[in-house]
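Fold and geometry: a report
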Amino acid sequence: MADNKVILKKERYSDDSQFWCPECHILMQYKYAGKFVCEKCGSEEYNDFGKIKKYLDENGPTNAVELSANTGVRKSKIGEYLRLGRVEIPENSSVFIHCKSCGVPIRFGNYCANCVHSKNIQGAFIGEVAKSANSKMRFLDNE
């Protein structure tokens, strides 16, 4: 199961959560990629996406079960990030998510490009179809 891994994809959205500094009790500033910093004392807090990004940056790609266990982020939330394209499954994984229309394995998103174009699905997030089990793993964003 070591090849069923999730890797970080470029962040497009920030969560709307706010964090209050546990030391200074002031509103922390959102910096990037789910990271909040207290401008007064420098304390850092992370929303769910930030926890995932930090873990993947420090430990490399891992499977969703292990990622959930080590970050405390629910597997369903990790699934949401996969569907939104905020994280992706590397091509060399043995497990993928599937197109909601035809079921073809995709690395992220909701639908494969073929279904979006052939069925004229509007407003869909297009996932990349898995190419092969021997492809190299890559990070799309190294913030």
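Everything here concerns the structure above.
Being a predicted model, the structure only gives us computed values, none of them experimental.

Let's talk about the packing of aromatic side chains
- Per the stated rule, a full pass over the model turns up three aromatic pairs.
- Taking the centre distance of 5.5 Å and the plane angle of 75° together, the rings of F49 and Y81 count as edge-to-face. Highlighted residues: F49 in helix 1 (residues 48-59) and Y81 in helix 3 (residues 75-84), separated in sequence by 32 residues. By the burial criterion, F49 is buried, and Y81 matches it.
- Here the aromatic residues F19, Y30 and F36 are joined through ring pairs into a cluster of three or more.

Focus: the pattern of salt bridges
- Summed over all chains, the structure comprises six salt bridges.
- The shortest N-O distance in the salt bridge between D57 and K53 comes to 2.8 Å. Of this pair, D57 and K53 both sit in helix 1, four residues apart, which is roughly one turn of the helix.
- For D57, a relative accessible area of 39% translates into the label partly exposed.
- On the basis of relative accessibility, which here comes to 4%, the residue K53 falls in the buried class.

A short note on the nonpolar core
- I52, L67 and V87 are the most contacted members of the largest nonpolar core, which totals 18 residues.
- Elements with a contribution of two residues or more to this core: helix 1 and helix 3.
- Within the second largest apolar cluster, five residues are counted, among which are F19, C21, M28 and C38.

Description of the environment of S118
- Residue position: S118 is located in helix 4 (residues 113-118).
- What makes S118 exposed here is its relative accessible area of 60%.
- Here the side chain of S118 touches N114 through a polar contact of 2.7 Å, landing on its backbone oxygen.

Describing the pairing of strand 2 (residues 29-32)
- Pairing analysis gives three bridges linking strand 2 to strand 3 (residues 35-37), with the strands arranged antiparallel. Note that in strand 3 the partner of Q29 across the bridge is V37.

As for helix 3
- For helix 3, the full list of buried residues reads K77, I78, Y81 and L82. All buried residues of helix 3 fall inside an arc of 150° around its axis, so they share one side.
- At its buried positions, helix 3 is contacted by helix 1, helix 2 (64-71), strand 5 (87-88) and strand 6 (97-98).
- Of the residues one or two after helix 3, G85 is the one with positive phi, at around 85°.

Structural notes on the sheet that holds strand 3
- Ordered by their spatial adjacency, three strands build an open sheet running 2-3-4, and the pairing between neighbours is antiparallel. The open sheet has two edge strands, strand 2 and strand 4 (44-46), and neither has a second partner. Sheet twist, expressed as the mean angle between neighbouring strand axes with direction ignored, is 35°.

Considering helix 1
- Helix length check: helix 1 (12 residues) gives 16 Å between terminal C-alpha atoms against 16 Å at 1.5 Å per residue, within 8%.
- All of the buried residues in helix 1 are F49, G50, I52, K53, Y55 and L56.
- At the exit of helix 1 stands G60, carrying a positive phi of roughly 80°.

Conventions and cut-offs
- Residues numbered from 1 in each chain as written.
- Predicted model: local features only at pLDDT ≥ 70, side-chain atom pairs only at ≥ 80, totals over all residues.
- Heavy atoms only, no water.
- Phe/Tyr/Trp six-rings, centres within 6.5 Å; stacked < 30°, edge-to-face > 60°.
- Helix = DSSP H or I, 4+ residues; strand = E, 2+ residues; numbered from the N terminus.
- Buried < 20%, exposed > 50% of the residue type's maximum accessible area, 1.4 Å probe, protein only.
- Salt bridge = Lys/Arg side-chain N within 4 Å of Asp/Glu carboxyl O.
- Core = buried A, V, L, I, M, F, W, Y, C linked by side-chain atoms within 4.5 Å.
- Polar contact = N/O pair within 3.5 Å; in protein donor to acceptor, adjacent residues only side chain to side chain.
- Pairing = 2+ DSSP bridges.
- Arc of directions from axis to C-beta.
- Contact = heavy atoms within 4.5 Å.
- Axes fitted to C-alpha atoms, helices over the stretch in contact; angles between N-to-C directions.
- Expected span 1.5 Å × (residues − 1).

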